[in-house]
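Architecture and fold: a report
Letter by letter, the chains look like this.
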There are 2 protein chains.
Amino acid sequence: MGEGVEWGLHCCLVLAWLDDEAPVSTGRLAALFELPPVYLKKRLQALVRAGILTSTPGVQGGFRLARPPEKITLMDVVAAVEGRDEAFRCTEIRRQGAGVEAPAGEFARPCGIATAMRRAELAWRRELAAQTLADLIADAPAGAPRRARRFYERLGS
Amino acid sequence: MGEGVEWGLHCCLVLAWLDDEAPVSTGRLAALFELPPVYLKKRLQALVRAGILTSTPGVQGGFRLARPPEKITLMDVVAAVEGRDEAFRCTEIRRQGAGVEAPAGEFARPCGIATAMRRAELAWRRELAAQTLADLIADAPAGAPRRARRFYERLGS
DNA sequence: GTGGCAGTACTCGGATAACCTTTGTCCGAGTCTAAACGG
DNA sequence: CCGTTTAGACTCGGACAAAGGTTATCCGAGTACTGCCAC
């Protein structure tokens, strides 16, 4: 899994901490975590396409959360950054080789291996969908949001 | 996730179907699914290193299951092929940027994001560990094992 | 005829290239600010 | 002094290279079979 997921989640968390007063630019977000600014922007654009963030162009522009944190699940962010297709991809090799002699009806039911892998991946998705940004905010250390705000305001000077 | 997982699982299933009469060579396994033989061998070697398969060199050599199918979980195969490290890797970016001003004790507890991601991944692993090769055998179509054996024997001619 | 032996063919194992996804970077389109100018 | 205009600078957005990982391949070490030879 790419590092963009970690970046996206932390950025969303910071955006929630900053209380949506004004859009936060890529440079400011990158400075908050010492990340490469331009590449971070590329990843945030994926979140914009998924409808998790909204972007406002122009000077004083930037990103902000499109929904309240309670309405954004970790699954949303992961799917936006990493893609919506499943990790395990069944290529139906059971039909090749020895499978070409099988009656066609045998492939009506999905491959058992694909089913098992999909079941596991579904458990993963379910767990991710059960956690929202609001839950992360609740579990975060108490001082972190305040420190982020102070750091952000000092950044403007 | 690489395609080697699908290949490895199907090969393990075939090895179980063939009843462990004799080692099955890479070429035979590749023919059973029309896969590139040499690259398939590379992936099976990973299963050997993990102790899931045993390999016997020499003519008439090949691979066989190291344990009965009830003792081989999908998690074992996936971990052997794909690696044992977690998909989400926390790089502790919370300590960078605004985090450098935080008191050291704040980082005693693990990052909430990493915890949430780990929880989801644990659910995935738990689901994979709950399914064994024997379960896949039970759910497979009845005719498939017999057809695999016939195809395999005709391959020797 | 039978036991031993050497040759041979076939197998796994690890080291070696090609392709592709991911990572990282750049420049153009659009927008708000702010200063300058005229009334 | 105030409204308008115009230049500027900063932002996002998508198109463009470089790197690491995965995919695919080749050659070397080892083993069992097979045919041959000696006894």
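Look up: the structure comes first, before these words.
Below or above, wherever it landed, is the structure these notes cover. On a predicted model such as this, the values are computed, not experimentally measured, just so you know.

Parameters at a glance
- Residues numbered from 1 in each chain as written.
- Chains lettered and ligands numbered in written order.
- Predicted model: local features only at pLDDT ≥ 70, side-chain atom pairs only at ≥ 80, totals over all residues.
- Heavy atoms only, no water.
- Helix = DSSP H or I, 4+ residues; strand = E, 2+ residues; numbered from the N terminus.
- Buried < 20%, exposed > 50% of the residue type's maximum accessible area, 1.4 Å probe, protein only.
- Contact = heavy atoms within 4.5 Å.
- Salt bridge = Lys/Arg side-chain N within 4 Å of Asp/Glu carboxyl O.
- Phe/Tyr/Trp six-rings, centres within 6.5 Å; stacked < 30°, edge-to-face > 60°.
- Buried area = accessible area lost by both parts, 1.4 Å probe.
- Polar contact = N/O pair within 3.5 Å; in protein donor to acceptor, adjacent residues only side chain to side chain.

Focus on the environment of A:Met117
The residue A:Met117 is located in helix α5 (residues 112–129) in this model. Residue classification places A:Met117 among the buried residues on the basis of a relative accessible area of 1%. C-alpha separation for the pair A:Met117 and A:Gly8, spaced 109 residues apart in sequence, amounts to 26 Å. Leave out the neighbours within four places in its chain, and A:Met117 touches A:Phe88, B:Met1, B:Val5, B:Leu9, B:Leu74, B:Val78 and B:Leu128.

Re the pattern of salt bridges
Under the definition given, this model contains 17 salt bridges over all chains. Put simply, A:Glu86 and A:Arg118 hold a salt bridge, and the shortest N to O gap is 3.5 Å. Here A:Glu86, found in the loop between α4 (74–82) and α5, pairs with A:Arg118, found in helix α5; they are 32 residues apart in sequence, far enough to count as distant. Overall, the relative accessible area of 47% leaves A:Arg118 in the partly exposed class. Here B:Arg147 ties to A:Glu106 by a salt bridge, and the two come within 2.4 Å at their closest N and O atoms. With B:Arg147 in helix α7 (residues 143–156) and A:Glu106 in the loop between α4 and α5, this residue pair bridges two chains. Among the residues examined, B:Arg147 registers a relative accessible area of 15% and is labelled buried. Residue A:Glu106 is classed as buried on the basis of its relative accessible area, which comes to 16%.

What to know about the packing of aromatic side chains
Residues and elements named next belong to chain A. Considering all chains together, one arrives at two aromatic pairs over all chains under this definition. A centroid spacing of 5.7 Å and a plane angle of 80° characterise the contact between Trp7 and Tyr39, whose relative ring orientation is edge-to-face. Separated by 32 residues along the polypeptide, Trp7 in helix α1 (residues 4–17) and Tyr39 in helix α3 (residues 37–49) bring together distant segments of the chain. Assessed through its relative accessible area of 5%, Trp7 is described here as buried. Of the residues examined, Tyr39 reaches a relative accessible area of 32% and is grouped as partly exposed.

Regarding the interface of chain A and chain B
Interfaces are often sized by the amount of accessible area the parts lose when they come together. Taken together, the 50 residues of chain A in the interface contact 49 residues of chain B. Buried surface at the junction of chain A and chain B, summed over both partners, amounts to about 4300 Å²; 65% is from carbon and sulfur atoms. The interface formed by chain A and chain B contains four salt bridges. For B:Glu101, the salt bridge identified is with A:Arg154, shortest N-O distance 3.3 Å. Of all the elements, α5(A) adds the most residues to the side of chain A that touches chain B, at eleven residues.

Side note on the side chain of A:Arg94
By secondary structure assignment, the location of A:Arg94 is in the loop between α4 and α5. In this structure the side chain of A:Arg94 is engaged in a polar contact, spanning 2.8 Å, whose partner is the side chain of A:Glu92. Reaching out from A:Arg94, the side chain makes a polar contact with the backbone oxygen of A:Arg109 at a distance of 3.1 Å. Excluding residues within four positions of it along the chain, A:Arg94 makes contact with A:Gly99, A:Glu106, A:Phe107, A:Arg109, A:Pro110, A:Cys111, B:His10 and B:Phe33.

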